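Okay, here's what each chain looks like letter by letter:
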Amino acid sequence: MRITVSVIKADIGSIGGHTLPSPEVLAIARERVERAKGSLLIDAFVCHTGDDICLSMTHTHGVDDSRVHELAWQAFREGTEKAKAQGLYGAGQDLLKDAFSGNVRGLGPASAEMEFEERPNEALIIFAADKTEPGAYNLPLYLAFADPMYSPGLLLSESLHDGFTFHIMDVNHTEGDRVIVLPAPERLYDIAALLRDTHQYVIESIWSRRHPSEQAVAVATSRLRNIAGRYVGKDDPVAIARVQKIFPATEEFGPPFALGAFVAGDTRGSHNLPLMPVPINTSASTFFCVPMVSALGFSMHNGILSTPADLFADPFWHHVRDRVAAKAIEMRKQGFFEPATLPYSELEYGGIVVRLQRLDREFTIRDGKAEGAPVGTPAGVEGDNPA
Ligand code: 13P
Ligand code: MG
Ligand code: MG
């Protein structure tokens, strides 16, 4: 049976800052989606990571189905009305356009979708991240799908031995999204050369080489600043990974995420801090909004989802979180000095950009002539645009 898994998430408002959605808003989103079970949808699961509501849906209509996307859009719209009525912060934050136009991509919500022939014991992980950008998945997915130091299945399992194909998107290309397709392990160094730049090059999907029609991973690649032209909150990407048998095992994703790699995001979307694996339905951290990621393990049969396993909730992850917290605390000690803050090109706040432009005019060249070249403006950032 061909099944589509659609994961669509949005921040439509949160309590007392960028923390978590209210139970009432979450209930509206859940009810709207659950209502479609048995008709448009086969199954659905709704949860939140930080201030983002994540709708995980299964159906048979393929990726980019306008009815499924509209269902998600309407659920977020109705949730936003409640969020406004409750005075929640950033009500409707990720709904950047007024009208639905066939697909949520380009409208604000993040989406990752995958259509595949369901295996008899289909196993998959749904990742949901808050306070970070799509490139946050680059390193963990690279390690899980291309590095036998982390992913022993690449050595031990005959069906993983041929490696995987990486589809990598240039998310800042001026003429639209460009994609390059590179096979691992042959092009490993080229893949690494791109993926190290997490602001520009993002894993969009990963495919099996032994079974080329089998997709392993789909990542939400949209960057809100490119849609809105200014800072409106961080992208907070979702991702789907099929696991086991011809793909890496669930536990081979653990150590790559336990690294707590430094990623862009956190407070005002303008800093670097380590990515902390957290249980689902965790509020964003008061400690500088440290970037966080949750992972839901599902079994699926005929599109029906099992109760999820909360993959970053077992006792081991307390220790990981303590270590990630220690990394975050150390980084925060250097305050606004790079790399604690992002480089100029990635700064999300217009205020500092305007400040730097003003300062630029005060520079004089040593021989007495005034004015250097303008320092340049990151895409569309003007004035102070606090999320
Ligand atoms: P979100 O993108 O999760 O809303 O966070 C925005 C922010 O600026 C937090 O400091
Ligand atoms: Mg928010
Ligand atoms: Mg968020």
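To start, this report covers the structure provided alongside it. (Residues numbered from 1 in each chain as written. Chains lettered and ligands numbered in written order. Predicted model: local features only at pLDDT ≥ 70, side-chain atom pairs only at ≥ 80, totals over all residues. Heavy atoms only, no water.)

## What to know about the sheet that holds strand β1 (residues 2-10)
At step 1: Strand order in the open sheet formed by four strands is β2-β3-β1-β4, and the pairing between neighbours is antiparallel. At either end of the open sheet lies a strand with only one pairing partner, and these are β2 (43-49) and β4 (110-117). Sheet twist, expressed as the average angle between the axes of neighbouring strands with direction ignored, equals 15°.
At step 2: Here seven bridges tie β2 to strand β3 (residues 52-59), and the two strands are oriented antiparallel to one another. Bridging from a neighbouring strand, Phe45 pairs with Ser56 of β3. (Pairing = 2+ DSSP bridges. Helix = DSSP H or I, 4+ residues; strand = E, 2+ residues; numbered from the N terminus. Axes fitted to C-alpha atoms, helices over the stretch in contact; angles between N-to-C directions.)

## Considering the coordination of the magnesium ion (ligand 2)
Put simply, a metal with four donors set out as a tetrahedron has ideal angles of 109.5 degrees, and one with six donors set out as an octahedron has ideal angles of 90 or 180 degrees.
At step 1: Around the magnesium ion (ligand 2), the donor atoms from the protein are Asp11 (OD), His18 (ND1) and Asp51 (OD), and they sit 2.0 to 2.2 Å away.
At step 2: Spacing between the donor residues of the magnesium ion (ligand 2) along the chain follows D-x6-H-x32-D.
At step 3: The distance between the magnesium ion (ligand 2) and the magnesium ion (ligand 3) comes to 4.4 Å, with Asp51 serving as a donor to both metals. With Asp11 in the loop between β1 and α1 (23-35) and Asp51 in the loop between β2 and β3, this pair connects stretches of sequence that are 40 residues apart.
At step 4: Exposure remark for Asp11: the relative accessible area of 1% places this residue in the buried category. (Donors = N, O, S within 2.8 Å, 3.2 Å for Na, K, Ca; no water. Buried < 20%, exposed > 50% of the residue type's maximum accessible area, 1.4 Å probe, protein only.)

## Regarding the packing of α1 against helix α2 (residues 66-85)
At step 1: α2 packs onto α1 with a crossing angle of 155° between their chain directions and a minimal axis gap of 8 Å. Considering the angle they form, α1 stands roughly antiparallel to α2. By crossing handedness, the relation of α1 to α2 is classed as right-handed. Residue-level inspection shows Glu24, Val25, Ile28, Ala29, Arg32 and Val33 of α1 in contact with α2, the latter providing Leu71, Ala75, Glu78, Gly79, Lys82 and Ala83.
At step 2: Within the contact of α1 with α2, the residues separate by chemical class into seven nonpolar, one polar and four charged. (Parallel < 35°, antiparallel > 145°, perpendicular 65-115°, else oblique. Left-handed = near helix turned anticlockwise from the far one by under 90°. Contact = heavy atoms within 4.5 Å. Nonpolar A, V, L, I, M, F, W, Y, C, P; charged D, E, K, R; others polar.)

## Considering the coordination of the magnesium ion (ligand 3)
At step 1: Ligation of the magnesium ion (ligand 3) by protein atoms is provided by Asp51 (OD), Asp52 (OD), Asp130 (OD) and Asp236 (OD), these donors lying 2.0 to 2.5 Å from the ion.
At step 2: Sequence spacing among the residues donating to the magnesium ion (ligand 3) works out to D-D-x77-D-x105-D.
At step 3: Taking relative accessible area as the criterion, Asp52 reaches 1% and is therefore assigned buried.

## Points about the nonpolar core
At step 1: With 51 residues, the main nonpolar core has Phe127, Phe145, Phe166 and Phe253 as its most contacted residues.
At step 2: Broken down by element, the residue count for this core peaks at six residues, all from helix α3 (residues 138-146).
At step 3: Apart from residues no more than four positions distant in its own chain, Phe253 is found in contact with Ile125, Phe127, Leu141, Ala144, Phe145, Ala241, Val243 and Pro248.
At step 4: By size, the runner-up hydrophobic cluster in this structure holds 26 residues, among which are Ala36, Leu40, Val46 and Ile53. (Core = buried A, V, L, I, M, F, W, Y, C linked by side-chain atoms within 4.5 Å.)

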